[in-house]
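# Notes for the structure review
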2 protein chains.
Amino acid sequence: MKPLLDLSVYLVLGPQDCPGQDPVGIAVAAAQNGATVVQLRDKTGSTKEQIELAERLMQALKPFNVPLIVNDRVDVALAVDADGVHVGQDDMTATKARELIGPDKLLGLSVSTQDELDTADIAACDYLGIGACFPTNSKDDAADVGMQNFAGLTAQSQLPVVGIGGISLANADQVIKAGADGVAVISAICGAPSAAEATRKLQEIVKSVKDLG
Amino acid sequence: MKPLLDLSVYLVLGPQDCPGQDPVGIAVAAAQNGATVVQLRDKTGSTKEQIELAERLMQALKPFNVPLIVNDRVDVALAVDADGVHVGQDDMTATKARELIGPDKLLGLSVSTQDELDTADIAACDYLGIGACFPTNSKDDAADVGMQNFAGLTAQSQLPVVGIGGISLANADQVIKAGADGVAVISAICGAPSAAEATRKLQEIVKSVKDLG
């Protein structure tokens, strides 16, 4: 059965995002404090290292019922029986990813333009990641789409949407007000003095805007 | 059914090995002139690019009955239904790779020490790649094991062995004399003025040493 999907506070991380720290420690602190999804996005490790890290994350997140989603690497996801996969436009197609992971796993797709939204295989996916919402340094290739475009794309989406890119405590409310179901962050949690506190505050912001809506 | 495996002349290549040339053109020239296996080892492309290249190689090699094996990336292999996978010590374990690709695909494992040979999951694999046979610039991490060690490891192998690392027209005979079933090369074909002619000569060398034995 597919894991329940709550996109509210969606932590994306890999070794490159927390030099000198164990990503598992950050993921656990986030999961304990309201993170609803963790995505492993490892752009540096060997396949062996990525699988070992994914396995440790799976074990560590299990008690919190927080699904682990693997970015891009369907092989790593299959090797550890992760809860899902997230693909971008430079990765395997969503159609093929769904074929390989089967019907019981979560699948997310990154979209940043009208054309990408129009051609997305919606039937294969469980949610869309739309962005970058704001300028960001965490991903080289992500020009921000602007809040107006973000709201427009989100309004057209037939799937739940998580905003991504440059989201912080200072602007997370705008993303939810623009129609997103949640916020995906890297540095807002990984780069915070306390991952626990940052997650707690993000969860509060998301909840308070949703309660208003 | 598992493809027939003839390790005699085993071409390993990726975009990084033939700048300015199409890897598919080199692979076809090699397949037309006696290459018996082609391995895609793409260390630079995005997943999307790797899949597109693997698909083109699959199509191009089909008329020659030359199997395409994908290095490391089980996801890419599964996406294009490639003939097999080759894993190294920094990749997914052979055990797990076999589980994911099923019984009908070829699986190779790189081994370069006695310990790696002793702990190899032989039952999961179809062949071993042993090396580096000679000093090489094509792989950063490959110190050569020396011909004496190579012969010792090869003699103990319960599986067919392809030698790899620094093999050229000038030394390929030594690798077969040391007990290998074939030679795996990158630059001896990709870096040759004529991939076709280099492959033809390698095939002749391998055959003539085997005929003697």
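The rules behind the values
Sequence positions are assigned chain by chain, starting from 1 and proceeding in written order. Lettering of chains starts at A and numbering of ligands starts at 1, both following the order in which they are written. Totals for whole chains, interfaces and linings use all residues, but because this is a predicted model, local features are given only for residues with pLDDT of at least 70 and pairs of side-chain atoms are given and counted only at 80 or more. With hydrogens and water stripped out, all remaining heavy atoms of the structure feed into the side-chain values. UniProt positions are given in the numbering used here, feature names are shortened, and annotations may be inferred rather than shown by experiment. For this analysis, residues touch if any pair of their heavy atoms sits within 4.5 Å. Salt bridges, as used here, are contacts in which a Lys or Arg side-chain nitrogen is within 4 Å of a carboxyl oxygen on Asp or Glu. Any N or O atom pair separated by 3.5 Å or less is treated as a polar contact, with the protein-specific requirement of one donor-capable and one acceptor-capable atom, and with residues adjacent in sequence counted only for side-chain atom pairs. We count a stretch as a helix when DSSP gives it H or I for four or more residues in a row; a strand needs E for two or more, and each element gets its number in order from the N terminus. Three classes are used, and their members are as follows: Ala, Val, Leu, Ile, Met, Phe, Trp, Tyr, Cys and Pro are nonpolar, Asp, Glu, Lys and Arg are charged, and the others, Gly among them, are polar. Each residue's exposure class comes from its accessible area (1.4 Å probe, protein chains only) as a fraction of the maximum for that residue type: buried when under 20%, exposed when over 50%, partly exposed otherwise. When the strands point away from the viewer and the path from the first strand over the helix to the second turns clockwise, the crossover is right-handed. Pairing between strands is defined by DSSP: at least two bridges between them are needed. What counts as an axis is a line fitted to C-alpha atoms, over the stretch in contact for a helix, and the angles between N-to-C directions run from 0 to 180 degrees. To line up the copies, we fit them by least squares on C-alpha atoms, keeping just the residues with pLDDT of at least 70 in both.

- Naming follows an unreviewed UniProt entry, where chain A appears as Thiamine-phosphate synthase of Pseudovibrio denitrificans.
- Under the Function (unreviewed entry) heading, UniProt states for chain A: "Condenses 4-methyl-5-(beta-hydroxyethyl)thiazole monophosphate (THZ-P) and 2-methyl-4-amino-5-hydroxymethyl pyrimidine pyrophosphate (HMP-PP) to form thiamine monophosphate (TMP)."
- Taken from UniProt, the Sequence similarities (unreviewed entry) comment for chain A reads in full: "Belongs to the thiamine-phosphate synthase family."

## With respect to the interface of chain A and chain B
- Contacts between the two partners involve 16 residues from chain A, matched on the other side by 16 residues from chain B.
- Inspection of the chain A/chain B interface yields two salt bridges.
- A salt bridge links Arg73 of chain A to Asp75 of chain B; the nearest nitrogen and oxygen atoms lie 3.8 Å apart.
- The interface formed by chain A and chain B includes eight residue pairs in polar contact (both at pLDDT 80 or more).
- At the level of secondary structure, the elements contributing two or more residues to the side of chain A that touches chain B comprise helix H2 (47-61), helix H3 (74-80) and helix H4 (94-101) of chain A.
- The element contributing the most residues to the side of chain A that touches chain B is H3 of chain A, with four residues.
- By residue class, the composition of the side of chain A that touches chain B is six nonpolar, three polar and seven charged.

## Remarks on the UniProt feature "binding site: Mg(2+)" (unreviewed entry) in chain A
- Under the feature "binding site: Mg(2+)" (unreviewed entry), the UniProt entry names Asp72 and Asp91 of chain A. What stands out for the annotated residues spanning 20 residues is how close their C-alpha atoms remain, the widest pair being 5.8 Å apart.
- On the basis of relative accessibility, which here comes to 8%, the residue Asp72 of chain A falls in the buried class.
- Residue contacts for Asp72 of chain A: discarding those within four places in its chain leaves Lys43, His86 and Asp91 of chain A together with Thr47, Arg73 and Asp75 of chain B.
- Setting aside residues up to four positions removed in sequence, Asp91 of chain A forms contacts with Asn71, Asp72 and His86 of chain A together with Thr47 and Lys48 of chain B.
- A distance of 2.7 Å separates a polar side-chain atom of Asp91 of chain A from the backbone nitrogen of Gly88 of chain A.

## Comments concerning the side chain of Ser8 of chain B
All names here are of chain B.
- With respect to the helices and strands, Ser8 occurs in the segment before strand E1 (9-13).
- A residue is classified by how much of its surface remains accessible, and Ser8, at 7% relative accessible area, is buried.
- One polar contact links Ser8 to Lys210, side chain to side chain, over a distance of 3.4 Å.
- Each residue touching Ser8, except ones within four places of it in the same chain, is listed here: Thr36, Asp181, Gly182, Val183, Gln203, Val206 and Lys210.

## Here's the deal with the pairing of strand E3 (residues 68-71) of chain A
Residue and element names in this part refer to chain A.
- The two faces of E3 match: Leu68 and Val70 on one face and Ile69 and Asn71 on the other face are all buried.
- Between strand E2 (residues 37-40) and its parallel partner E3, the chain crosses via H2, and the hand of that crossover is right-handed.
- In the sheet, E3 pairs with strand E4 (residues 84-87) via three bridges, with the strands oriented parallel. The partner of Asn71 across the bridge, within E4, is His86.
- This β-α-β element, E3 to H3 to E4, shows right-handed connectivity.

## A look at the pattern of salt bridges
- Applying the stated criterion across every chain yields a total of 22 salt bridges over all chains.
- Between Lys96 of chain A and Glu99 of chain A there is a salt bridge whose closest N-O contact spans 3.4 Å. Note that Lys96 of chain A and Glu99 of chain A are positioned in helix H4 at a spacing of three residues, about one turn of the helix.
- By relative accessible area, Glu99 of chain A is classed as exposed at 55%.
- One connected set of salt bridges, linked through shared partners, spans Arg73 and Asp75 of chain A together with Arg73 and Asp75 of chain B.

## Focus: the sheet that holds strand E5 (residues 106-111) of chain B
Residues and elements named next belong to chain B.
- The eight strands lie next to each other as E1-E2-E3-E4-E5-E6-E7-E8, forming a closed barrel whose pairing is parallel. Adjacent strand axes in the sheet meet at a mean angle of 25°, parallel and antiparallel pairs treated alike.
- Those strands touched by helix H2 (residues 47-61) are strand E2 (37-40) and strand E3 (68-71), and its axis lies near 170° from that of E2.
- Relative to the sheet, helix H4 (residues 94-101) contacts strand E4 (84-87) and E5, its axis offset from that of E5 by approximately 165°.

## Some details on the relation of the copies chain A and chain B
- Screw-axis analysis of chain A against chain B gives a translation of 0.0 Å along the axis, an RMSD of 0.0 Å, and a rotation angle of 180°. A rotation of that kind, with that shift, is consistent with a two-fold axis. Taking the C-alpha atom as reference, chain A places Asp75 of chain A closest to the rotation axis, 2.3 Å from it.
- Most of the interface of chain A is mirrored in chain B, where 100% of its interface residues again form contacts.

## Observations concerning helix H1 (residues 23-32) of chain B
Residues and elements named next belong to chain B.
- Most of H1 sits inside the fold, with seven of its ten residues counted as buried.
- Those residues of H1 that sit buried are Pro23, Val24, Ile26, Ala27, Ala29, Ala30 and Ala31.
- Next to the buried residues of H1 lie E1, E2, H2, helix H8 (187-190) and helix H9 (195-212).
- At the N-terminal end of H1, a side-chain oxygen is found 3.0 Å from the backbone nitrogen of Val24, two or three residues along, and the residue is Asp22.
- In the stretch just after H1, Gly34 is the one whose phi turns positive, near 115°.

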